[in-house]
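Here is what each chain is made of, one letter per residue.
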Amino acid sequence: MTNWHGIWAIYRFEMARALRTLWQSLVTPVLTTSLYFIVFGGAIGSRMQSIEGVDYGTFIVPGLIMLSLLTQSIANASFGIYFPKFSGTIYELLSAPISPFEMVLGYVGAAATKSVALGLIILATAALFVPLRIEHPLAMIGFLLLTAVTFSLFGFIIGIWANGFEQLQIVPALLVTPLTFLGGAFYSIDMLPEPWRTVSLFNPVVYLVSGFRWSFFGRGDVAVGVSLGATALFLLLCLGAVAWIFRTGWRLKN
């Protein structure tokens, strides 16, 4: 029988922590996004007519949301599970009458909730700068939820792997952010000459950005089914990794 009280306790604690750090969790990403619009949408957008028939300032909105969604999902989930390891309360969690699935559901659910809320706030912020249209709103919400859950699971894995606070920043700073910038967040990979366009297809973030952009404008760099399949595959890989961690106890108790 599912221990909903235990799941709710973890979820509520993580959401309360976000409220205590509201400036870092919410205000800073929104200010950063506004600066992106000023620099990319204003300075660069004024020199570019459009991309695939879409105004450049509007075109970069899905990429900006995805950039914040990926980094914040990882940061929220990784810190959420790392802090109990750092403080030693992880032993209380492991000995509590709550299953690994319920523990992951609490932490990942809270991290995904915060990331989705941030994504929607950034979307509302973008509407202040550029005209927006969303051709497939249900698909947009679906991609938003699927990406937030997937990368919150990825962040959960990073939080278990990390042996220090500095290691929590390695993957987002040195891997995820560069891959997002190179994954078509601010341009279409169809603008790249060969062989760089083909090389870009090995970047998994391309499929995330492309699918999310399709939900806005009805077009993407790759087929929407391929984008959805790539995201689902990464979700399954993360689920498999989390299951293996709890089955073996890897880095949970040290």
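Preceding block: the structure.
Residues numbered from 1 in each chain as written. Predicted model: local features only at pLDDT ≥ 70, side-chain atom pairs only at ≥ 80, totals over all residues. Heavy atoms only, no water.

Details of the packing of helix α10 (residues 204–217) against helix α11 (residues 224–248)
Next, step 1: Contact geometry for α10 and α11: axes closest at 8 Å, N-to-C directions at 130°. With respect to each other, α10 and α11 are oriented oblique. For the element pair α10 and α11, the recorded crossing hand is left-handed. Within the contact between the two elements, α10 uses Tyr207, Leu208, Ser210, Gly211 and Trp214 and α11 uses Val224, Val226, Ser227, Ala230 and Thr231.
Next, step 2: Class assignment of the residues belonging to the contact of α10 with α11 gives a composition of 6 nonpolar, 4 polar and no charged. (Axes fitted to C-alpha atoms, helices over the stretch in contact; angles between N-to-C directions. Helix = DSSP H or I, 4+ residues; strand = E, 2+ residues; numbered from the N terminus. Parallel < 35°, antiparallel > 145°, perpendicular 65-115°, else oblique. Left-handed = near helix turned anticlockwise from the far one by under 90°. Contact = heavy atoms within 4.5 Å. Nonpolar A, V, L, I, M, F, W, Y, C, P; charged D, E, K, R; others polar.)

A few points about a nonpolar patch on the surface
Next, step 1: A contiguous nonpolar surface patch, about 530 Å² in accessible area, is contributed by Leu35, Ile38, Val39, Leu128 and Phe129.
Next, step 2: Its place among the elements puts leucine 128 in the loop between α6 (100–126) and α7 (137–161).
Next, step 3: Among the residues examined, leucine 128 registers a relative accessible area of 72% and is labelled exposed. (Patch = residues over 30% accessible without salt bridge, like charges linked within 9 Å, V, L, I, M, F, W, Y side chains within 5 Å. Areas by Shrake-Rupley, 256 points an atom, 1.4 Å probe, with all protein chains shown as cover. Salt bridge = Lys/Arg side-chain N within 4 Å of Asp/Glu carboxyl O. Buried < 20%, exposed > 50% of the residue type's maximum accessible area, 1.4 Å probe, protein only.)

Here we look at the environment of alanine 148
Next, step 1: Assignment of secondary structure puts alanine 148 in helix α7.
Next, step 2: Taking the relative accessible area as the measure of exposure, alanine 148 reaches 0% and is therefore buried.
Next, step 3: Along the primary structure alanine 148 and serine 115 are separated by 33 residues, whereas in three dimensions their C-alpha atoms are 6.3 Å apart.

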